[in-house]
Amino acid sequence: MTVTATRPGHRAAGRRGALARALLGAEQDPRWSRPALWAVLAVAFVLYAWALSGNANEYYAAAVLSGTRSWKAFFFGAIDAGSFITVDKPPLALWVMGLSARIFGYGTWSMLLPQAFAGVAAVGLVHSAVRRAFTGPAGPGHGPRPVEGGARQGHVAALIAAVVMTLTPITVAINRDNNPDTVLVLLLVLSAWFCLEALRTGRLRPLLLAAFFVGLGFNAKMLQAYLVVPALALAYLGCARVPWMKRVGHLLAAGGVLVVSSAWWMVITDLWPAGSRPYVGGSTDNTVWDLVIGYNGLGRVFGQGRGGGVGGGGGGGFGGEPGAGRLFNDILAGQISWLLPFCVVTLALAILLRVRRLHHDGPAAAAWLVWGGWLVVHYVVFSFSSGTFHPYYTTAMAPAVAALAGTGLVVMWRAYRRSRAWAWALPLAVALTGGWSFVVLRRTPEWLPWLAWVVLGATLVAVAVLVLARVRARVTTRVAAVALAAAVVAGLAGPAAYAVTPLQSQINGTNPTAGPSSGRMGFGGPAGTRGRMPDGGRFPGGGVSDEMAAYLVANRGSATWLVAVSSAQQASGLILSTGEPVIAMGGFTGSDPAMTVDRLGSLVSSGQLRYVLAGTGGWPGRGNTEVTTWVQQNCTAVDGQDGLYDCTA
């Protein structure tokens, strides 16, 4: 009889089937690890999917609805089924929601559940990436070897990272909405996962996949996707286990994949005859290239020209004034900043301990470069951008914050136990985190007034115990561990309290945030028609009365479009309430030069358009004066319908 020996403390590998491994993890994993992950993912799904009815940005909701009525509108991302003008973003995120709506029928749940699932998937991928960074490359004939103090620490770090990602307030808010940022974050986390996998395994294919997913992110939100590229490239250049020239060659190959996966939709759209496709919303010359470098590119950073957008150009807009303290102001602090002090201490410790050991430490050092670079680049760009800046943009920082928080806590705990020289890092990080949470919570003293004091008290006790445990032998490590656990709970109490608020009421679809109302900013719209989902959800906006909407539907005749209005803010409400195509002559802000006198005359003479709503609604001062003048001179005002003109009368 043959006896197979196993090392003490390890169970024999390979006994669990695929389903058991999925539910319980591998044999060598801690028993609590996989069940704990499933619990976190379940909490994430509840936070992202509970009571979604009525949540959504009506601008993108109208485009999703139009995409279910026309494959042409679907491909180009047109706001209307007649494909007059596109939304001001590439359509990849709309495709995800649109396919779900085509399969299950258009409604809030079919549109937003893919967003919730994308958010949950991002949490799971952050967990996996953090855990695998604690596992070294496989040797010949052997499995992965543990680094950084063992695989168990990787499971602890990964669980903390997953919890932080789940409870990031702005991430909860945006994952309950239909903005493209949720899909963007998932794609960027995928790119980081594959880049780290390339460094862990030494293979080129994962690096190419990392570039591919960044390119897909570009097709969700253009240049914002590229903010992770410096971190990924630096990590590969500094930590890849291949010669330097080969690293450069691999990065060039990845750059080629990035260009192709980024540019394909843009190239197709710009080469398509302009007369047979919708106008590119947000551009000045009807090209995606102009949208990339202008409105959605340099204009967002520098606030130049039309790139400043509504509410943002050169003056802070929705996110407050640009500057080093922007992410800590009254608007953004409660959305993303809770653990930034902890991350600063974490990165400082990582630099001090590892700056000379990048190649030796392999995947662990690469993880520091990926997540640290990700956070630093986003912080700089988001803090100092002078163009349009919404609070929900900061959800792109959540994966880096989560990964650094989980990894940093484990590394600081080990340094605290083993080194008197570095033992200061953990108490300092706990103190800064708890202190900053207290400051943020006290900015709205009428909201959960007791929470700030509980957080402060728990932080002070935890710091005191951690300090005493290092200077007095009577305080055991186990007591210090309990104090650290209390500090973790205290540090997450503030963001957790903010994170549950979006479940209690409908969010502002245009500018979603979490937490108490102080500091929120968003679009308002004139009273009138409100977009209504099939399941009863309603969106703010429209600016057209129910009576006028009913008149247009009854008298439209055979025209392709129900009416032409000045901006997408009006058009989207009408599209959602009537289900009919509506022309947004000036795009999202009302300032796009999409409609000309010649084109309007052609649409009217061909019978594709009968009614034009001119002179009311939209963004004041942004209308096309020549078009408005033409309508007033060549069309007949409709009695009893303010601002409505019949161009066939």
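Residues numbered from 1 in each chain as written. Predicted model: local features only at pLDDT ≥ 70, side-chain atom pairs only at ≥ 80, totals over all residues. Heavy atoms only, no water.

1. Things to note about the overall build of the protein
Part 1 of the reasoning: Check the secondary structure of the protein and you find 25 helices and seven strands.
Part 2 of the reasoning: Evaluated residue by residue, the protein yields a buried proportion of 57% over its 649 residues.
Part 3 of the reasoning: Long-range pairs, those at least 24 residues apart, make up 70% of the contacts in the protein between residues at least 6 apart in sequence.
Part 4 of the reasoning: On the protein, roughly 25800 Å² of surface is accessible, and the fraction owed to carbon and sulfur atoms is 64%. (Helix = DSSP H or I, 4+ residues; strand = E, 2+ residues; numbered from the N terminus. Buried < 20%, exposed > 50% of the residue type's maximum accessible area, 1.4 Å probe, protein only. Contact = heavy atoms within 4.5 Å. Areas by Shrake-Rupley, 256 points an atom, 1.4 Å probe, with all protein chains shown as cover.)

2. Side note on helix 2 (residues 33-49)
Residues lying three or four places apart along an α-helix face the same way, a consequence of the helix completing one turn every 3.6 residues.
Part 1 of the reasoning: The first and last C-alpha atoms of helix 2 sit 24 Å apart over 17 residues, in line with the 24 Å expected at 1.5 Å per residue.
Part 2 of the reasoning: Those residues of helix 2 lying buried are Ser-33, Ala-36, Leu-37, Val-40, Leu-41, Ala-44, Leu-47, Tyr-48 and Ala-49.
Part 3 of the reasoning: After helix 2 finishes, the residue Ala-51 shows a positive phi value of roughly 50 degrees. (Expected span 1.5 Å × (residues − 1).)

3. Considering the state of the cysteines
Part 1 of the reasoning: Counted according to the given criterion, the structure contains one disulfide.
Part 2 of the reasoning: Cys-635 shares a disulfide with Cys-647; S-S distance 2.1 Å. Looking along the S-S bond of the Cys-635-Cys-647 disulfide, the torsion reads about 95 degrees, which is the right-handed sense. Separated by 12 residues along the polypeptide, Cys-635 in the loop between helix 25 (625-634) and strand 6 (636-637) and Cys-647 in the segment after strand 7 (644-646) bring together distant segments of the chain. (Disulfide = S-S within 2.5 Å.)

4. A look at helix 19 (residues 425-442)
Part 1 of the reasoning: Over its 18 residues, helix 19 runs 26 Å from end to end, which matches the ideal 26 Å to within 8%, given 1.5 Å per residue.
Part 2 of the reasoning: All of the buried residues in helix 19 are Ala-425, Leu-426, Pro-427, Ala-429, Val-430, Thr-433, Gly-434, Trp-436, Ser-437, Phe-438, Val-440 and Leu-441.

5. So, the pattern of salt bridges
Part 1 of the reasoning: The full count for this structure, using the stated rule, is seven salt bridges.
Part 2 of the reasoning: The closest approach of N and O atoms between Arg-132 and Glu-197, which form a salt bridge, is 2.7 Å. With a gap of 65 residues between them, Arg-132 in helix 6 (residues 108-132) and Glu-197 in helix 9 (residues 181-201) connect regions that are remote in the sequence.
Part 3 of the reasoning: Relative accessible area serves as the criterion here: at 22%, Arg-132 is assigned to the partly exposed category.
Part 4 of the reasoning: With a closest N to O distance of 3.4 Å, Arg-443 and Asp-330 form a salt bridge. Separated by 113 residues along the polypeptide, Arg-443 in the loop between helix 19 and helix 20 (449-471) and Asp-330 in the loop between helix 13 (288-302) and helix 14 (333-336) bring together distant segments of the chain.
Part 5 of the reasoning: Overall, Arg-443 belongs to the partly exposed group, its relative accessible area being 33%.
Part 6 of the reasoning: A residue is classified by how much of its surface remains accessible, and Asp-330, at 53% relative accessible area, is exposed.
Part 7 of the reasoning: Residues participating in the shared-partner salt-bridge network are Arg-132, Glu-197 and Arg-200. (Salt bridge = Lys/Arg side-chain N within 4 Å of Asp/Glu carboxyl O.)

6. Some remarks on unusual backbone geometry
Part 1 of the reasoning: The residue Ala-51 is not glycine, and still its phi comes out positive at about 50 degrees.
Part 2 of the reasoning: Structurally, Ala-51 can be placed in the loop between helix 2 and helix 3 (58-69).
Part 3 of the reasoning: Among the residues examined, Ala-51 registers a relative accessible area of 42% and is labelled partly exposed.
Part 4 of the reasoning: Here Asn-286, not a glycine, exhibits a phi torsion of approximately 65 degrees, which is positive.
Part 5 of the reasoning: Looking at the element boundaries, Asn-286 is found in the loop between helix 12 (244-271) and helix 13.

7. Notes on the side chain of Arg-200
Part 1 of the reasoning: Looking at the secondary structure, you find Arg-200 in helix 9.
Part 2 of the reasoning: Judged by relative accessible area, which is 10%, Arg-200 ranks as buried.
Part 3 of the reasoning: Here Glu-197 takes part through its side chain, which lies 2.9 Å from a polar atom of the side chain of Arg-200. (Polar contact = N/O pair within 3.5 Å; in protein donor to acceptor, adjacent residues only side chain to side chain.)

8. What to know about the packing of helix 18 (residues 398-418) against helix 21 (residues 477-499)
Part 1 of the reasoning: Following both chains from N to C, one finds helix 18 and helix 21 inclined at 155 degrees, their axes separated by 12 Å at the closest point. On the basis of the axis angle, helix 18 is roughly antiparallel to helix 21. Note that helix 18 runs across helix 21; the crossing there is right-handed. Facing Leu-409, Trp-413, Tyr-416 and Arg-417 of helix 18, the residues of helix 21 in contact are Thr-477, Ala-480, Ala-481, Leu-484 and Val-488.
Part 2 of the reasoning: In terms of residue class, the contact of helix 18 with helix 21 is built from seven nonpolar, one polar and one charged. (Axes fitted to C-alpha atoms, helices over the stretch in contact; angles between N-to-C directions. Parallel < 35°, antiparallel > 145°, perpendicular 65-115°, else oblique. Left-handed = near helix turned anticlockwise from the far one by under 90°. Nonpolar A, V, L, I, M, F, W, Y, C, P; charged D, E, K, R; others polar.)

9. Quick look at the side chain of Asp-646
Part 1 of the reasoning: Turning to its location among the elements, Asp-646 is positioned in strand 7.
Part 2 of the reasoning: Separated by 2.9 Å, the side chains of Asp-646 and Thr-648 make a polar contact.
Part 3 of the reasoning: Sequence-distant contacts of Asp-646, defined by excluding residues within four places in its chain, comprise Arg-610, Tyr-611, Cys-635, Thr-636 and Val-638.

10. As for the packing of helix 3 against helix 5 (residues 92-104)
Part 1 of the reasoning: Interhelical geometry of helix 3 versus helix 5 gives an angle of 55 degrees and a closest axis separation of 9 Å. Considering the angle they form, helix 3 stands oblique to helix 5. Of the two possible hands of crossing, helix 3 and helix 5 adopt the one that is right-handed. Contacts from Tyr-60, Ala-63, Val-64, Gly-67, Thr-68 and Arg-69 of helix 3 reach helix 5 at Leu-94, Met-97, Gly-98, Ala-101 and Arg-102.

11. Regarding the environment of His-378
Part 1 of the reasoning: Here His-378 lies in helix 17 (residues 363-384).
Part 2 of the reasoning: The spacing of His-378 and Met-397 is 19 residues in sequence and 6.6 Å in space, taken between C-alpha atoms.
Part 3 of the reasoning: Setting aside chain neighbours within four positions, we find His-378 in contact with Leu-227, Val-228, Ser-383, Ala-396 and Met-397.

12. Some words on the confidence of the model for the protein
Part 1 of the reasoning: With 85% of its residues at a pLDDT of 70 or more, the protein has an overall mean of 86.
Part 2 of the reasoning: Counting interchain partners and residues more than four positions distant, the pLDDT-below-50 stretch residues 306-316 has 39 contacts.
Part 3 of the reasoning: A low-confidence stretch, residues 519-531 stays under pLDDT 50, and its non-local contacts, those more than four residues away or across chains, total 48 contacts. (pLDDT = per-residue confidence, 0-100.)

13. Observations regarding the nonpolar core
Part 1 of the reasoning: Formed by 203 residues in total, the largest nonpolar core has its most connected members in Trp-371, Leu-375, Leu-426, Val-563, Ile-583 and Val-612.
Part 2 of the reasoning: The dominant element in this core, judged by the number of residues it contributes, is helix 9, at 15 residues.
Part 3 of the reasoning: Sequence-distant contacts of Leu-426, that is, excluding residues within four places in its chain, are made with Leu-409, Met-412, Trp-413, Tyr-416, Leu-466 and Leu-484. (Core = buried A, V, L, I, M, F, W, Y, C linked by side-chain atoms within 4.5 Å.)

14. Quick notes on the packing of aromatic side chains
Part 1 of the reasoning: A complete count under the given rule lists 25 aromatic pairs for this structure.
Part 2 of the reasoning: Measuring from ring centre to ring centre gives 5.3 Å for Phe-218 and Tyr-226, while their planes differ by 25 degrees; the resulting arrangement is stacked.
Part 3 of the reasoning: Take Phe-218: its relative accessible area is 5%, and that puts it in the buried class.
Part 4 of the reasoning: A residue is classified by how much of its surface remains accessible, and Tyr-226, at 26% relative accessible area, is partly exposed.
Part 5 of the reasoning: Ring centres of Phe-438 and Trp-453 lie 4.9 Å apart, and the angle between their planes is 70 degrees; on these two criteria the pair is classed as edge-to-face. Residue Phe-438 is found in helix 19, and its partner Trp-453 is found in helix 20; the two are separated by 15 residues along the sequence.
Part 6 of the reasoning: The buried category is assigned to Phe-438, whose relative accessible area is 18%.
Part 7 of the reasoning: Here the aromatic residues Trp-71, Phe-74, Phe-75, Phe-76, Trp-95, Trp-264 and Trp-272 are joined through ring pairs into a cluster of three or more.
Part 8 of the reasoning: Its end group placed over the ring of Phe-389, Arg-326 keeps NZ or CZ at 4.6 Å from the ring centre.
Part 9 of the reasoning: Stacked on the ring of Tyr-416, the Lys or Arg Arg-470 has its end atom at 5.6 Å from the ring centre. (Phe/Tyr/Trp six-rings, centres within 6.5 Å; stacked < 30°, edge-to-face > 60°. Lys NZ or Arg CZ within 6 Å of the ring centre and 35° of its normal.)

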